[in-house]
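One-letter residues, chain by chain:
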Amino acid sequence: MSPVLYYATTLLVFFFDYNILTWGLNIQFGYTGILNFAFIIFMAIGAYVSGVFALPQANGIAGQTYILGLSWPFPLTLIMGGLVAAFFGLLVGLIALKRLRSDYMAIVTVAVGAIAYDFIGNVTGLFNGWDGLGGVPQPLQTRFNIDFNTYQFVYVGIAGVVMVILWWLANRIYSSPFGRTLRSIREDQDVSEAFGKNTFKYRMLAMVIGCFYAGIAGGILIFFTTALNPSGWTTGETFVVWTALLIGGTGNNWGAALGALLVPVGFQEATRFLPQFPGNPDLIPALRNIIVGGLLILVLWFRPQGIIPEKKARFNIFRIPLHGAPAEVRSRAASIAASQKEESNVTDG
Amino acid sequence: MSQTAEALARTPRPGEQTDILRVEHLSHSFGGVNAVDDCSLQVPANQITALIGPNGAGKSTLINVVSGFYPAQKRGTIFFNGHNITGWPTYRRANAGLIRTFQISRGYGGMTVLENLMVPPKKQSGESLLNAIFRPRLVAAEEARHLEKALQLLDTFGLYEKRDEYARNLSGGQKRLLEMARALMADPTLLLLDEPMAGVNPALADQLAQHIVNLAKQTGITFLLVEHNLGIVDQICDHVIVMANGRALATGTMAEIRANQQVVEAYLGG
Ligand SMILES: Nc1ncnc2c1ncn2[C@@H]1O[C@H](COP(=O)(O)OP(=O)(O)OP(=O)(O)O)[C@@H](O)[C@H]1O
Ligand SMILES: [Mg+2]
């Protein structure tokens, strides 16, 4: 395989993965207004848990210590990673979302992130501590014995399928009444509460779904790189995802995808492969941070809603034309309501 | 008790006057300020009741406590539709039919006017995650019904042309109208309106007043209306409660209130 092709497919997997991650954050912040500054922790949990479900039992020979080691097959391993991350999202949500004030919530997540980081690093028996997990078996690799080069394409396919499913789900949620209620909570939680919405429950759901996305993104990452240690998910990584979302456009999954393409993939991953300046190994990462930071300031200054802002709700998904005289529109809406009621009675009743 | 039995127990016998809201010895203070001070009052069902009184009398505070927006401070009891709702969270009161608007309009600024109206309907099946994902037809049918009602209300409130505008771009008066239209989408049993006409032009205010009267007649919604414009109060309200210094000072018809010496001194001015 040519280096260029290898490089391109690698970036593509990273892009797909960061899409999933940024959509997860979008569900929490862009849809619901939840400030989660420990977002990357849930990616790490998803990665490690997927890893230890896929790895064989730790026997100490390779020097790694970790829990479980169940040798489960893909995609169960990935799903477990997502579910466990979602479960931890639930626990953090119980602490962070109970009160109404969003600054309180943000502080709690920062603290939780710091605790989780040190805990996972220091408790070596969990996920092999600061050295992290390595040698995680890749999905379908061993079973079908695919050669290294072909596998690169197979993995693009695997990540792509997972991404498309989660893209569909994120947009389905967005345009549903459920998503509308989430957005109303983002706009004014008190008013939604005054309209009978159990806002704590909805915010918890958004938290859990977003953390599920993060967990899946973690699984997709570790099955690709086969290894992960805490230096791969520092607090700084949380802000990479935040920057991607803010630059691309909060509340818009296309915007989030553009942000994922620009920030983590474009600036973080692609520049990682640039030649280093002799005698000054820190120059490229430093420049990268300056450029990303500058871009964020420019976007917040000139286009605070992001490059691709949230779209107005149009309601045309329900085939109701909202143009024309009120009376005409109303009668048309009424007839559609009647016909769809019949349909739904037939199919759902 | 089964649900129907409970409903029957609450249904008033013909000719009997029931109070949909009963506040007993309610107090609420901010630090040392007793904004609501041992206040007791009743709001009769299926009528339009006005809550009037000088600035700072505690009217908005009362509405905030009754709607659950300010947590109860362990003094006083609130009965709504036969339930003691004193300890209930806000959303539960709303689901029971107690809906309120805010004195300073609050809206979903980043959502369109029409979308604002689509949030309040209760028990939307599409608000469940599983239905949202797996039962799009059921959800769409329900959406179409809500949409029809929303368009009708927008028409009534003169906001039809603004339906696709972001709510934050409306004028102050339009925000008031939006807030009232949106509250009606929730199918309230009791609607608490905190100065709904403030900042609305007189012609439209008259229309709104007429609309409130029609709604009360046709749907049986009970209104509790905080209002400083006594002309409108006189015109549409069946019943008036005067508040001063955190307490209900007097109740009665507007004519009775005008004849009440205490009220004239406290509020109407000599
Ligand atoms: N959040 C608050 N914190 C402290 N004091 C408050 C608060 N809200 C109201 N108050 C005080 O409580 C008293 C009653 O206020 P409230 O808003 O209920 O009056 P109101 O009858 O609605 O007046 P208006 O007709 O001007 O709207 C006032 O003295 C006010 O200063
Ligand atoms: Mg007030």
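Quick notes on the rules
Residues numbered from 1 in each chain as written. Chains lettered and ligands numbered in written order. Predicted model: local features only at pLDDT ≥ 70, side-chain atom pairs only at ≥ 80, totals over all residues. Heavy atoms only, no water. Donors = N, O, S within 2.8 Å, 3.2 Å for Na, K, Ca; no water. Helix = DSSP H or I, 4+ residues; strand = E, 2+ residues; numbered from the N terminus. Buried < 20%, exposed > 50% of the residue type's maximum accessible area, 1.4 Å probe, protein only. Core = buried A, V, L, I, M, F, W, Y, C linked by side-chain atoms within 4.5 Å. Contact = heavy atoms within 4.5 Å. Pairing = 2+ DSSP bridges. Axes fitted to C-alpha atoms, helices over the stretch in contact; angles between N-to-C directions. Buried area = accessible area lost by both parts, 1.4 Å probe. Salt bridge = Lys/Arg side-chain N within 4 Å of Asp/Glu carboxyl O. Nonpolar A, V, L, I, M, F, W, Y, C, P; charged D, E, K, R; others polar. Patch = residues over 30% accessible without salt bridge, like charges linked within 9 Å, V, L, I, M, F, W, Y side chains within 5 Å. Areas by Shrake-Rupley, 256 points an atom, 1.4 Å probe, with all protein chains shown as cover. pLDDT = per-residue confidence, 0-100. Domains from an automatic or database assignment. Phe/Tyr/Trp six-rings, centres within 6.5 Å; stacked < 30°, edge-to-face > 60°. Lys NZ or Arg CZ within 6 Å of the ring centre and 35° of its normal. Near = heavy atom within 4 Å. Polar contact = N/O pair within 3.5 Å; in protein donor to acceptor, adjacent residues only side chain to side chain. Parallel < 35°, antiparallel > 145°, perpendicular 65-115°, else oblique. Left-handed = near helix turned anticlockwise from the far one by under 90°.

A. Seen up close, the coordination of the magnesium ion (ligand 2). All names here are of chain B. Around the magnesium ion (ligand 2), the protein contributes the donor atoms Ser60 (OG) and Gln103 (OE1), at 1.9 to 2.1 Å from the metal centre. With a gap of 43 residues between them, serine 60 in helix 2 (residues 59-66) and glutamine 103 in the loop between strand 6 (98-100) and helix 4 (113-118) connect regions that are remote in the sequence. For glutamine 103, a relative accessible area of 33% puts it in the partly exposed group.

B. Region of the structure containing the nonpolar core. Residues Leu21(A), Phe42(A), Leu133(A), Tyr155(A), Tyr213(A) and Trp233(A) are the most contacted members of the largest nonpolar core, which totals 90 residues. For this core, the leading source of residues is helix 10 (residues 199-225) of chain A, giving 15 residues. Among residues more than four places away in sequence, those in contact with Phe42(A) are Asn36(A), Ala85(A), Phe88(A), Gly89(A), Val92(A), Met207(A), Cys211(A), Ala214(A) and Gly215(A). Grouped together as the second largest cluster of nonpolar side chains are 63 residues, Val191(A), Ala50(B), Ala167(B) and Ile257(B) included.

C. Up close: the sheet that holds strand 8 (residues 222-226) of chain B. Residue and element names in this part refer to chain B. With respect to topology, six strands assemble into an open sheet ordered 6-7-8-3-9-10, the strand pairing being mixed. Whereas interior strands pair on both sides, the edge strands pair on one side only; in this sheet they are strand 6 and strand 10 (247-252). Ignoring which end each strand starts from, the neighbouring axes of this sheet average 20 degrees apart. In this structure, strand 3 (residues 48-52) lies alongside strand 9 (residues 239-244), joined through four bridges in parallel fashion.

D. Region of interest: the interface of chain A and chain B. In this complex, chain A contributes 50 residues to the contact, which on the side of chain B involves 50 residues. Taken together, the two surfaces of chain A and chain B that pack against each other cover about 4,500 Å², and 61% of this comes from carbon and sulfur. Joining chain A to chain B, the criterion identifies five salt bridges. The partner of Arg106(B) in a salt bridge is Asp188(A), with the nearest N and O atoms 2.9 Å apart. Elements that contribute at least two residues to the side of chain A that touches chain B include exactly helix 7 (148-175), helix 8 (177-187), helix 9 (189-194), helix 10 and helix 14 (326-348) of chain A. The dominant element in the side of chain A that touches chain B, judged by the number of residues it contributes, is helix 14 of chain A, at 13 residues. Class assignment of the residues belonging to the side of chain A that touches chain B gives a composition of 22 nonpolar, 11 polar and 17 charged.

E. Quick peek at a nonpolar patch on the surface. Together, Ile67(A), Leu68(A), Leu70(A), Trp72(A), Leu76(A), Ile79(A) and Leu83(A) make up an exposed nonpolar region whose accessible area comes to about 570 Å². Summarising the element assignment, Ile79(A) is placed in helix 3 (residues 76-96).

F. Focus on the confidence of the model for chain B. All names here are of chain B. Averaged over chain B, the pLDDT score is 87; the fraction of residues at 70 or greater is 93%. Counting contacts from residues 1-15, a segment whose pLDDT is below 50, to residues more than four positions away or on other chains yields six contacts. Across the whole predicted complex the pTM is 0.87, and at the interface the ipTM reaches 0.87.

G. Just the domain arrangement of chain B, in detail. Residue and element names in this part refer to chain B. Split into domains, chain B comes out as domain 1 (18-97 + 188-270) and domain 2 (113-185). Taken together, the 18 residues of domain 1 in the interface contact nine residues of domain 2. Both faces combined, the contact of domain 1 with domain 2 buries some 1,100 Å², and carbon together with sulfur accounts for 72% of it. Here the element with the most residues in the side of domain 1 that touches domain 2 is helix 8 (residues 202-219); it accounts for five residues. In the side of domain 1 that touches domain 2, the residues fall into 12 nonpolar, four polar and two charged.

H. Geometry of the pairing of strand 1 (residues 19-30) of chain B. Residues and elements named next belong to chain B. Where strand 1 and strand 2 (residues 33-44) come together, eight bridges link them in antiparallel fashion. Each bridged residue has a counterpart across the sheet, and for arginine 22 the counterpart in strand 2 is glutamine 42. Hairpin remark: strand 1 followed by strand 2, antiparallel, with two residues in the connecting loop; positive phi at glycine 31, about 60 degrees. Alignment of strand 1 against strand 4 (residues 77-80), held across four bridges, turns out to be antiparallel. Bridge pairing in strand 4 links glutamate 24 to threonine 77.

I. Region of interest: the packing of aromatic side chains. Residues and elements named next belong to chain A. Throughout the structure, instances matching the rule amount to 21 aromatic pairs over all chains. For the ring pair phenylalanine 74 and phenylalanine 223, a centre distance of 6.0 Å and an interplane angle of 85 degrees mean the geometry is edge-to-face. Of this pair, phenylalanine 74 sits in the loop between helix 2 (39-54) and helix 3 while phenylalanine 223 sits in helix 10, and the two are 149 residues apart along the sequence. For phenylalanine 223, a relative accessible area of 1% translates into the label buried. Site record: aromatic cluster; members linked through ring pairs are Tyr48, Tyr117, Phe127, Trp130 and Trp233. It is lysine 201 that lies over the ring of tyrosine 202; its NZ or CZ is 5.0 Å from the centre.

J. Geometry of the site of ligand 1. Residues and elements named next belong to chain B. The environment of ligand 1 is made up of 14 residues, and the closest members are Asn55, Lys59, Ser60, Thr61 and Gln103. At 3.0 Å from an oxygen atom of ligand 1 is found a main-chain nitrogen or oxygen belonging to glycine 58. Histidine 228 has a polar side-chain atom sitting 2.9 Å from an oxygen atom of ligand 1. When the free accessible area of ligand 1 is taken as 630 Å², the share hidden by the protein chains comes to 63%. Per-element accounting of the shell around ligand 1 gives the leading share, three residues, to helix 2. Within the shell around ligand 1, the residues separate by chemical class into five nonpolar, seven polar and two charged.

K. The arrangement of unusual backbone geometry in detail. With an omega of 5 degrees, the peptide bond running from Phe74(A) to Pro75(A) counts as cis. Of note, Pro75(A) is situated in the loop between helix 2 and helix 3. Located in the positive-phi region is Asp38(B), a residue other than glycine, with phi close to 50 degrees. The topology assignment puts Asp38(B) in strand 2. In this structure Asp38(B) comes out as partly exposed when scored by relative accessible area, which is 34%.

L. Structural detail: the confidence of the model for chain A. Residue and element names in this part refer to chain A. Across chain A, the average pLDDT comes to 84, with 86% of residues at 70 or higher. Note on residues 321-325: pLDDT is under 50 here. Beyond four places in sequence and across chains, it has 14 contacts. Within the model, pLDDT remains below 50 along residues 344-349, and this stretch shows eight contacts once partners closer than five positions in the same chain are excluded.

M. Structural context of the packing of helix 1 (residues 3-31) of chain A against helix 10 of chain A. Residues and elements named next belong to chain A. It is at 7 Å that the axes of helix 1 and helix 10 come closest, and there the two elements cross at 165 degrees. By the angle class used here, helix 1 and helix 10 are roughly antiparallel. You can see that helix 1 and helix 10 cross each other, and the crossing is left-handed. Across the interface between the two elements, Thr10, Val13, Phe14, Asp17, Ile20, Leu21, Trp23, Gly24, Ile27 and Gln28 from helix 1 touch Ala206, Met207, Ile209, Gly210, Cys211, Tyr213, Ala214, Ala217, Ile220, Leu221 and Phe224 from helix 10. Split into classes, the residues belonging to the contact of helix 1 with helix 10 amount to 16 nonpolar, four polar and one charged.

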